[in-house]
Amino acid sequence: MLATLRNAWRVEDIRKKLLFMAFIVLIYRLGNAVTVPYVDTGLLSIYFQQLNNTVLGLINTMSGSALERASIFALSIQPYINASIIMQLLTIAIPALERMRKEGGEEGKKKIEKITRYGTVAIAALQGYAYYTLIHRGDGIGGSMLMDGAEGWLPAIVIVVTFMTGSALLMWMGEQITEFGIGNGISIILFVSIVARFPTEIGHMITRTIADPSTWWIHLLMLIGALAIIVLIVIVQNSERRIPVQYSKRVVGRKMYGGQSTHLPMKVNMSGVLPVIFAQSIASIPATIVVFVPAWSEGLVMNVLAPPGPQQDGSHSLGILYMVIYFLLIVFFSYFYSTVQFNPVEIANNLKKNGGFIPGFRAGKPTSEFIQKVLTKITLFGALYLAVIAISPLLISAFSPTAAASGISMGGTSIIIVVSVALETIKQLESQLLMRHYKGFLE
């Protein structure tokens, strides 16, 4: 990895892309320090200290602590992720959108992206109003978390519009990284948000160890577990199932083509980190609903859907149903993205057109059925791998009475996102280097 970064830095074009990406990230981090007007950030920080293991605490982690500071980027990229989920589901459900995506070419993709942007702004406005309602109501603090004299419709409009604008700006910044930088801009922003919390979390861990030396072994096991998860993620992310493909010989004019053997690569974790991100976003929806229905905040809904760990009212939630829903959503989105990205019928037809075949299977339907069978098996393994890593820290948090272990509810998800995005970015750099040194393969 370090060698790849060093080699990429030596290439002027790639160096410019890296510097541009770093510039956008710097703007994002500076924006996280700029708070919206009319909000008492001191009271808000106290409030979020009680929510480390609630759904809002998870959203706060994904935003890089911007939510608890009420910064202009407090909503982070959650509105864009939710809009993307809705659009991709609608693309499958609505034939017109599906035709636009498949047959519309580049123009069709641009139209879908435009609709997604509008959806992002609408969802950001909804979530911004929900967040303002939460701040205004001030549950758990005993009163509003707005500054004195901030009551009325004008402060409300300013706060909601600021949150909405910040989310739209963040979406634009992510698109700029994708176009002019290295890798997926949205993933890079999410990566930076999570990594920005690591120094604070490590500081809290050291403080807890000093305050209670008897918990040192828990923190040591957490560190060993995190390293083991990182190794597992790297192994699985680089694993693939290679299906042998044979091309028959054919004569065109006086030249003979084909006859070579190759393989069809199918990655074990084909969808990357997206299932975890989307599943976490969907699992966070009850937090937004509770804001609009205050009576549910202490009722059965939040007691059932609350994540594991200590809750705001002092109770300790096992979060069994939350973990089950989270697990099933990860599996669902894994299959969903593998289906979207890899079409066995299309692959089989392309092989048939080019004179290729899988040994032991006839071209056409038998080939597509075999590819579908292999795809189902490896997707199941990849989905279970993602779900187990994401759920394991939640299980520890659910059944551990100690504060040291109950604060790791986002550990597995954070590690998956950070390591996966880092690996994807390194692969992007390697592909960029390969494109700029292709002459060496022709000599």
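Residues numbered from 1 in each chain as written. Predicted model: local features only at pLDDT ≥ 70, side-chain atom pairs only at ≥ 80, totals over all residues. Heavy atoms only, no water.

Participant: Where do I start with the overall build of the chain in this structure?
Facilitator: Counting secondary structure elements, the chain contains 19 helices and seven strands. Considering the chain as a whole, with its 443 residues, one finds that 44% of them fall into the buried category. The long-range fraction of contacts in the chain, counting pairs at least 24 apart against all pairs at least 6 apart in sequence, stands at 73%. Put simply, the chain shows about 22500 Å² of open surface, and 66% of that area lies on carbon and sulfur atoms. (Helix = DSSP H or I, 4+ residues; strand = E, 2+ residues; numbered from the N terminus. Buried < 20%, exposed > 50% of the residue type's maximum accessible area, 1.4 Å probe, protein only. Contact = heavy atoms within 4.5 Å. Areas by Shrake-Rupley, 256 points an atom, 1.4 Å probe, with all protein chains shown as cover.)

Participant: What should I look at first to understand the packing of aromatic side chains in this one?
Facilitator: What describes a pair of aromatic rings is the distance from one ring centre to the other and the angle between the planes of the rings. A complete count under the given rule lists eight aromatic pairs for this structure. Taking 5.2 Å as the distance between ring centres and 65° as the angle between the ring planes, the aromatic pair formed by F332 and F333 counts as edge-to-face. Ring geometry for F332 and F336: centres 6.2 Å apart, planes at 20°, overall stacked. In this pair, F332 and F336 both sit in helix α16 (residues 320-341), four residues apart, roughly one turn of the helix. With a relative accessible area of 42%, F332 lands in the partly exposed category. Judged by relative accessible area, F336 falls into the buried class, the value being 10%. (Phe/Tyr/Trp six-rings, centres within 6.5 Å; stacked < 30°, edge-to-face > 60°.)

Participant: Could you clarify how one ought to interpret the sheet that holds strand β4 (residues 261-267) in this entry?
Facilitator: Across a sheet, strands are paired by hydrogen bonds formed along the backbone, either parallel or antiparallel in direction. As summarised here, the arrangement of the three strands in space is β4-β1-β7, forming an open sheet in which the pairing is antiparallel. Across the chains shown, the open sheet's two edge strands, defined by having one partner strand only, are β4 and β7 (356-357). Both strand β1 (residues 240-247) and β4 contribute to a ladder of seven bridges, which runs antiparallel. Bridging from a neighbouring strand, I243 pairs with L264 of β4. (Pairing = 2+ DSSP bridges.)

Participant: So what exactly am I meant to see when it comes to the nonpolar core here?
Facilitator: The tendency in soluble globular proteins is for nonpolar side chains to be buried side by side. In this structure, I14, I233, Y326, I330, I416 and I417 are the most contacted members of the largest nonpolar core, which totals 58 residues. Here the element with the most residues in this core is helix α19 (residues 411-436); it accounts for 10 residues. (Core = buried A, V, L, I, M, F, W, Y, C linked by side-chain atoms within 4.5 Å.)

Participant: What exactly am I supposed to notice about the packing of helix α2 (residues 12-32) against helix α10 (residues 185-195) here?
Facilitator: The angle between the axes and the distance between the axes are what describe a pair of packed helices. Axis separation between α2 and α10 bottoms out at 11 Å; the angle between their running directions is 50°. With respect to α10, the axis of α2 lies oblique. Between α2 and α10 the crossing geometry is right-handed. For the pair formed by α2 and α10, the contact residues are M21, V25, Y28 and R29 on the first element and I188, I189, V192 and S193 on the second. When its residues are assigned to classes, the contact of α2 with α10 shows six nonpolar, one polar and one charged. (Axes fitted to C-alpha atoms, helices over the stretch in contact; angles between N-to-C directions. Parallel < 35°, antiparallel > 145°, perpendicular 65-115°, else oblique. Left-handed = near helix turned anticlockwise from the far one by under 90°. Nonpolar A, V, L, I, M, F, W, Y, C, P; charged D, E, K, R; others polar.)

Participant: Would you explain the environment of A348 in this entry?
Facilitator: Relative to the helices and strands, A348 is located in helix α17 (residues 344-353). Owing to a relative accessible area of 2%, A348 belongs among the buried residues under this scheme. Between the C-alpha atom of A348 and that of K365, which follows or precedes it by 17 residues, the distance is 7.5 Å. Discounting residues that sit within four places of it in the chain, A348 has contacts with G364, T367 and S368.

Participant: Please clarify how the side chain of T91 should be interpreted in this entry.
Facilitator: Within the element layout of this structure, T91 appears in helix α6 (residues 78-93). Relative accessible area serves as the criterion here: at 5%, T91 is assigned to the buried category. With near-sequence residues (within four places) excluded, T91 lies in contact with L97, E98 and R101.

The quantities given are spatial measurements derived from coordinates; they are silent on function.
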